[in-house]
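Survey of secondary and tertiary structure
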Amino acid sequence: MTIAAILVGKGREVISVTAHQSVMEAASLLAKRRIGALPVMDGPNVVGIFSERDVIHALDAGGVDALMRKVGDVMTAPAITVSPGDAVIGALSLMTRRRIRHLPVLEGGRVIGVVSIGDLVKYRIDRIEADAAAMRDYIQTA
């Protein structure tokens, strides 16, 4: 099971921001798209990731004025990334160790998607349920 399989199911749409956009703009995009994180791009390069956690930390440190700051001032950098060929279980382990919930997927240095811990857990559960169903069918026909 690879990250590529996750992207097949969820799609490869990438919603992103630049480091020069305001925290308010980025937070609004998170809310409107109902997502938890955005890759921060400088042209084709991922320079960081901006997440709900970054918003909370910025507000805690700077109050409402933090919303006027630039994403580049509060983003998490560098972004931790995976590639399409990486194993789902390895990505889950990475997310657990690093205490992160979103991973940009890079192929040839280009962002081709973003996976969340929810995407990976859902995929694992679906596979486990499919394997269990196959085992039940096998046992019933044996």
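Let me sum up the structure you'll find in this document. Counting starts from 1 at the beginning of each chain's written sequence and moves along it residue by residue. The predicted origin of the model limits local features to residues at a pLDDT of at least 70 and limits the giving and counting of side-chain atom pairs to 80 or more, whereas totals for whole chains, interfaces and linings rest on all residues. Processing note: side-chain calculations cover all non-hydrogen atoms of the structure and skip hydrogens and water entirely.

Another aspect to go through is a nonpolar patch on the surface. Exposure above 30% relative accessible area and the lack of any salt bridge qualify a residue for a patch; like charges then connect within 9 Å, and the nonpolar side chains Val, Leu, Ile, Met, Phe, Trp and Tyr within 5 Å. Residue-level accessible areas treat just the shown protein chains as cover; the underlying method is Shrake-Rupley with a 1.4 Å probe. When a carboxyl oxygen of Asp or Glu lies within 4 Å of a side-chain nitrogen of Lys or Arg, that pair is called a salt bridge. Judged by side-chain polarity, M135, Y138 and I139 come together as a nonpolar surface patch covering roughly 370 Å² of accessible area. Within the secondary structure, M135 is located in helix 6 (residues 117–141). In DSSP terms, a helix is any run of H or I states spanning at least four residues, a strand is any run of E spanning at least two, and both are numbered starting from the N terminus.

This part is about unusual backbone geometry. In this model, A77 is joined to P78 through a cis peptide bond whose omega is -5°. Following the sequence through the fold, P78 ends up in the loop between helix 4 (71–74) and helix 5 (88–98). One non-glycine residue, R34, adopts positive backbone phi at about 55°. Mapping R34 onto the fold places it in the loop between helix 2 (23–33) and strand 2 (37–42). Even without glycine at this site, R99 takes up a positive phi of about 55°.

Our next topic: the pairing of strand 2. Exposure categories follow from relative accessible area, calculated using a 1.4 Å probe and restricted to protein chains: below 20% of the type maximum is buried, above 50% is exposed, and the middle band is partly exposed. When you tally the buried positions in strand 2, you get five out of six residues, the bulk of the element. Sheet analysis places strand 1 (residues 17–18) next to strand 2, joined by two bridges and oriented parallel. For V17, the partnering residue across the bridge sits in strand 2 and is V40. By definition, two strands form a pair when at least two bridges between them are found by DSSP. Sheet topology note: the strand 2/strand 3 (residues 45–51) ladder contains six bridges and is antiparallel.

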